[in-house]
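Observations on the model geometry
Listed below are the residues making up each chain.
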Amino acid sequence: MDHDCIGILARQPNKSQYVCRAVRRLSNNIDEVSPADFPTKQLLAALHSRDDVSHYMKAQIVAEMTSLQTDS
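Counting of residues starts from 1 at the beginning of each chain's written sequence and follows it residue by residue. Whole-chain, interface and lining totals are the exception, using all residues; otherwise, since this is a predicted model, local features are given only for residues with pLDDT of at least 70 and side-chain atom pairs are given and counted only at 80 or more. Think of the side-chain values as coming from all heavy atoms in the structure, minus any hydrogens and water.

1. A few points about the packing of helix 1 (residues 3-10) against helix 2 (residues 15-27)
Defined as follows: As a rule, the C-alpha atoms of each element are fitted with a line to give its axis, helices using only the stretch in contact, and angles between N-to-C directions run from 0 to 180 degrees. Numbering of helices and strands starts at the N terminus; helices are DSSP runs of H or I of at least 4 residues and strands are runs of E of at least 2. In this scheme, roughly parallel covers angles under 35 degrees and roughly antiparallel covers those over 145, while 65 to 115 is roughly perpendicular and the rest are oblique. In what follows, residue pairs with any heavy atoms lying within 4.5 Å of each other are defined as contacts. Three residue categories are used. Nonpolar comprises Ala, Val, Leu, Ile, Met, Phe, Trp, Tyr, Cys and Pro, charged comprises Asp, Glu, Lys and Arg, and polar comprises the others, including Gly.
Between helix 1 and helix 2, the shortest axis-to-axis distance is 9 Å and the interhelical angle comes to 120°. Compared by their axis directions, helix 1 and helix 2 come out oblique. Each of Ile8, Leu9 and Ala10 in helix 1 lies in contact with helix 2, whose residues at this interface are Lys15, Tyr18 and Val19. Looking at the contact of helix 1 with helix 2 residue by residue, the class counts come to 5 nonpolar, no polar and 1 charged.

As structure tokens, then:
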């Protein structure tokens with residue numbers, strides 16, 4: 001396995017699930033991107049940066065991201 005692929009897998013919490021999903025997508029020629037393909041922290045950061053998200057929701061996102069960092 002290539003070194004860069006090993007690095008990608010090292011960052012995945014569930015390596016087997018990640019590999020299975022990638023193999024299925026490749027075998028079915030699926031090029032679509034699903035939100036399930038991204039880590040939770042990345043999705044939360046993307047939502048936090050949007051202009052159409054309320055200040056209340058942004059505060060909740062910050063609290064959740066803080067919680068995720070302390071759990072890790």
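2. Some details on the side chain of Lys58
To keep it simple, the criterion reads: Only protein chains enter the accessibility calculation, which uses a 1.4 Å probe. A residue is then buried if its area is under 20% of the maximum for its type, exposed if over 50%, and partly exposed in between. In this tally Asp and Glu are treated as negative and Lys and Arg as positive; neither His nor the chain ends contributes. One speaks of a salt bridge when a side-chain nitrogen belonging to Lys or Arg is within 4 Å of a carboxyl oxygen belonging to Asp or Glu.
Structurally, Lys58 is set in helix 4 (residues 55-71). Asp51 provides the closest opposite charge to the buried, unpaired Lys58, separated from it by 5.2 Å. Those residues in contact with Lys58 that lie beyond four places of it in its chain are His48, Arg50 and Val53.

3. What to know about a nonpolar patch on the surface
Counted only if it meets this: Exposure above 30% relative accessible area and the lack of any salt bridge qualify a residue for a patch; like charges then connect within 9 Å, and the nonpolar side chains Val, Leu, Ile, Met, Phe, Trp and Tyr within 5 Å. Note on areas: Shrake-Rupley with a 1.4 Å probe; residue coverage comes only from the protein chains shown.
Taken together, Val33, Phe38 and Leu43 make up a surface patch of nonpolar side chains, about 250 Å² in accessible area. Within the secondary structure, Leu43 is located in helix 3 (residues 40-48).

4. Notes on the state of the cysteines
The criterion, for reference: In this description, a disulfide is simply a cysteine sulfur pair whose atoms lie within 2.5 Å.
Counted under the stated rule, the structure contains 0 disulfides. This cysteine, Cys5, is not joined by any disulfide, and Cys20 carries the nearest cysteine sulfur, 15 Å off. Of the residues examined, Cys20 reaches a relative accessible area of 37% and is grouped as partly exposed.

Functional significance is not addressed by these values, which are geometric in nature.
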